[in-house]
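Examination of the molecular architecture
Here is how the chains run, residue by residue.
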Amino acid sequence: MTVEQLSQADTGFLGQVEDASRRYATRTTERDGHMEALDQHGILYADTPERVNKRLNRLGVDWAMATAIERTPETATTGTSLDLDRELVSTDLLKLERFMGRNDLISIDYLEGGFLAARSVGRITVRSPGSSHHGTGFLVSPSLLMTNNHVLGSAEEAAAGVVEFNFQAGLDGLPLVPVVFQLDPQRFFVTHRDLDFTVVAVSERSRDGQPLTSFGRLPLKEAQGKAVIGELVNIIQHPNGEPKQLALRDNQIVDLLDDFVHYAADTARGSSGSPVLNDQWEVVALHHAGAPRKDRDGHVLAVDGTRWHPSMGEHRVDWKANEGVRVSRILGMIQQFPLTGAAAALRAELFAAGSSLHPVEVSPPTALTDRTDGATPQNMTMDRTGERPATSGAVRWNVPLVISVSLDAEALQPRTESPAAAGPAHGATTPAYGRSLAGIGSIDGQSPAQRDLAAAMVNLAAFSTRPYYDEAADRSAREAYYAGIQVGNPTGLRLALAQRLESTHERRPSYKPMRLLYPWVDLHPDETLHGIYSGKGFTAQELIEADAAVEAARIGRWQEFMLHESAPGREAIEAELDLLEASLPFNCEHVVPQSWFAKKEPMRGDLHHLFACESTCNSFRGNIPYFDFPDFDEAVRHSCGRREPAKFEPSEGKGPVARATLYFLLRYPGMIGDEARELQRGGLELLLNWHRDHPVDIYEQHRNAAIAEMQGNRNPLIDHPEWAEQIDFAGAWP
């Protein structure tokens, strides 16, 4: 947040900090009593019997059994109806302590639950005239997101905000591509200053067309017993607007008030609007502030011992405890808002979501009725008196069709919806590609490489039944795709195509050549793959199995690296990733080398510039720009082509690589050419010459049609080769 916003002590973050500090200070005696009971008697006696009973009931543990288990084997009662022996007591005590978050040994499904929970957490960014700030928020229903009042204090502030999901690192340590959704307070907005919460509607689709429902939700449950004093909680957060992070079981609940929960913060820093979760990944509270350490003069201290000031950001405060707002109190307050019509329907959806046991994926809401009578106020604000000002506006009533499905890590791996779900782009027909991946989400007992191999082989079998290239269908799709594109103005044509390519790039699969490229996209009419630079033929199964072996080796090498590096820094991680890339390359060539765009998505997985290429040729070319040697045909050269310092000419594939590179210039203008080792403007003539001298054939037409089905966009240089001389490509350089 900006200094100005943080200085608004009555309504902003500093006001919440002061309120939390007062509450924490007045509870010193009670808190000390809780901790003494926890140390001397155990977790069953640190909280009230009523709350502990509710917690045990929620975990399916009987109170009488639990109290006997909590005793040590030496003091456990014998000769009673329980009649527990030492082994049983020890085993069940371990189980109970795991359930209650008091033991570091937990079931492995804990990680899977955390993975799903994290999907629903995003970074909020608000940019309004004169100010900008970040916060954290999380989806609580198929349409609604929760955060703090001091993050989004008004509908006007929310209207200037977005939420970004996937703003985090992937398994390879590289950043994922964030998925950005606009906040939509016109549909729903309720907020409360004292309980410091805001619930706001989110647009149904992201800026690039992905559905909000693909990010699941963290349902808010009214039932009590989600946590007791002494338990450990987790906080998924974007501290100070940074990539997503997790404070893992590092906050112990030390006190429960009527409206708030306090948890110790020895090392973990909170972040406004984050969900506070128990070990079953249920939302216990909404994190909002804390009690900071202060010097003798009452100034808040930073983590380095200096005086803290707002410009440092809240993550630099030296918290002695964090405070969250209890979910049950938030839900009770939301029920009091006098909502009708569309707003009431979305509130009902929120409470219905809380009845689910786990985060679920749902289909997009189905619009049934439009209301424009202004009778249903959407923007609801409650102050400490519980009163609200009325705000009218147009209302769209969306009634969701909720379908529960299983979500697992592999199903979410592509970071995009299936092509079949997204529908056709610009009138193009949607063929069978989406069906080929059905049911590949989880293959029990297999490694990631084995799962990718199995999925690729299923795809290969599915695609084998399809015609290689349907010219009539592709012609129809092509005409629909370029409808409205005008030629005659070179700059205008470039800008129009760039906009079309980006807006229709609706589905963005991550870089998995064995799944998509080899089974179908890059097949030649003879049903084999050809090395793009050598022309050497391979069966699809050959390259699929070879890349699966490479992936397995990479994973093994990475695990070995992490085992021997207790805390590798960013530079060490990047160096190791580069080493793996160089020593264990996939049989896939990025026509535009990955180093030119820092291996970022969606460029890395964009199928239009990916080609099958044996690893020897892949390494031979490296990241060297293309070149035309005058004596190429007479010179002795490698089977992949000829290479000299900063110059490479392939033996084969000049037409396809030229058109793929020209596509990249249109799709990602300004991305390459800012360094001498990359493609410069002087290389444009070479690309145009190769494009002219090596015309489009049925192989490229097949590729283009297959990629359009998968990604949504097409390569204009394949569809309209004549446009090459009419496009101002020079304007695509930085």
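Coordinates for the structure precede this section.
What comes next is a walk through the structure.

What counts, and where the lines are drawn
Residues numbered from 1 in each chain as written. Predicted model: local features only at pLDDT ≥ 70, side-chain atom pairs only at ≥ 80, totals over all residues. Heavy atoms only, no water. 1 Å grid on protein atoms, 1.4 Å probe; cavity = no way out; pocket = protein on both sides within 12 Å on 5 of 7 lines; lining within 4 Å. Points joined across faces, edges and corners; volume = space filled by probe spheres on them. Nonpolar A, V, L, I, M, F, W, Y, C, P; charged D, E, K, R; others polar. Helix = DSSP H or I, 4+ residues; strand = E, 2+ residues; numbered from the N terminus. Buried < 20%, exposed > 50% of the residue type's maximum accessible area, 1.4 Å probe, protein only. Contact = heavy atoms within 4.5 Å. Pairing = 2+ DSSP bridges. Polar contact = N/O pair within 3.5 Å; in protein donor to acceptor, adjacent residues only side chain to side chain. Expected span 1.5 Å × (residues − 1). Salt bridge = Lys/Arg side-chain N within 4 Å of Asp/Glu carboxyl O. Axes fitted to C-alpha atoms, helices over the stretch in contact; angles between N-to-C directions. Parallel < 35°, antiparallel > 145°, perpendicular 65-115°, else oblique. Left-handed = near helix turned anticlockwise from the far one by under 90°. Phe/Tyr/Trp six-rings, centres within 6.5 Å; stacked < 30°, edge-to-face > 60°.

1. Overview of empty space enclosed by the protein
Inspection of every chain in the model, using the stated rule, returns six cavities of 30 Å³ or more. In this structure, the largest cavity encloses a volume near 160 Å³. In this structure, the largest cavity is lined by R51, A223, Q224, G225, K226, A227, L256, V261, V284, R326, V327 and S328. Partitioning the lining of the largest cavity into residue classes produces six nonpolar, three polar and three charged.

2. Overview of the environment of L580
Along the chain, L580 falls in helix α19 (residues 570-583). Using a relative accessible area of 5% as the deciding quantity, one classes L580 as buried. Once the C-alpha coordinates of L580 and V550 are considered, the two residues, 30 residues apart in sequence, prove to be 9.8 Å apart. In contact with L580, not counting residues within four places along its chain, are R554, R557, W558 and P585.

3. Remarks on the pairing of strand β13 (residues 319-326)
Burial analysis of β13 places seven of its eight residues in the buried class, the great majority of the element. Bridge count for strand β10 (residues 260-264) against β13 is five bridges, and the pairing is antiparallel. Bridging across to β13, F260 finds its partner in V325. As defined by bridge partners, strand β12 (residues 283-292) adjoins β13 across seven bridges and the pair is classed as antiparallel. Within β13, the position partnered with L286 by the bridge is V325.

4. Considering the side chain of S120
Topologically, S120 is positioned in the loop between α7 (109-119) and β1 (121-128). In this structure S120 comes out as buried when scored by relative accessible area, which is 0%. Polar side-chain contacts of S120 include one of 2.8 Å to the backbone oxygen of F215. Those residues in contact with S120, other than ones at most four positions away along the chain, are G137, F138, L139, F165, F215, G216, R217 and L218.

5. Thoughts on the pairing of β12
With ten of ten residues buried, β12 is to be regarded as a mostly interior element. In terms of strand pairing, strand β11 (residues 275-277) meets β12 through three bridges, oriented antiparallel. Its bridge partner being in β12, P275 is matched across the sheet by L286. Between β11 and β12, which follow one another and run antiparallel, lie five residues, and W281 among them has a positive phi close to 60°.

6. With respect to helix α21 (residues 654-667)
Along its 14 residues, α21 runs 20 Å from first to last C-alpha, staying within 8% of the 20 Å computed at 1.5 Å per residue. α21 sits mainly inside the fold: 14 of its 14 residues count as buried.

7. Side note on the pattern of salt bridges
What the rule picks out here adds up to 31 salt bridges. Among the salt bridges present, the one from R466 reaches E709, with a minimum N-O distance of 3.2 Å. Of this pair, R466 sits in the loop between α14 (448-463) and α15 (471-481) while E709 sits in helix α23 (residues 698-711), and the two are 243 residues apart along the sequence. In this structure E709 comes out as buried when scored by relative accessible area, which is 17%. Between E551 and K512 there is a salt bridge, and its shortest N-O distance comes to 3.0 Å.

8. Observations concerning the packing of helix α9 (residues 327-336) against helix α10 (residues 341-353)
Their axes nearest at 11 Å, the elements α9 and α10 cross at an angle of 155°. Put simply, α9 runs roughly antiparallel to α10. Crossing angle aside, the handedness with which α9 passes α10 is left-handed. On the side of α9, the interface is formed by L331, I334 and Q335, while α10 contributes R347, L350 and F351. Grouping the amino acids of the contact of α9 with α10 by side-chain chemistry returns four nonpolar, one polar and one charged.

9. Notes on the environment of Y482
In this structure, Y482 sits in the loop between α15 and α16 (490-503). As for Y482 and H720, which are separated by 238 residues in sequence, their C-alpha atoms are 9.9 Å apart. Dropping the residues within four chain positions of it, Y482 is found in contact with L497, R500, R714, N715, P716, D719, H720 and W723. In this structure the side chain of Y482 is engaged in a polar contact, spanning 2.6 Å, whose partner is the side chain of D719.

10. Describing the packing of aromatic side chains
Overall, the coordinates contain 18 aromatic pairs when judged by the stated rule. Ring centres of F165 and F215 lie 4.9 Å apart, and the angle between their planes is 20°; this geometry places the pair in the stacked category. Of the two residues, F165 is situated in strand β4 (residues 161-165) and F215 in the loop between β7 (197-201) and β8 (232-237); the sequence distance between them amounts to 50 residues. A ring pair is formed by F463 and W520, whose centres lie 5.2 Å apart and whose planes are at 15°; its orientation type is stacked. Pair noted here: F463 is in helix α14 and W520 is in helix α17 (residues 513-521), with a separation of 57 residues, a long-range link.

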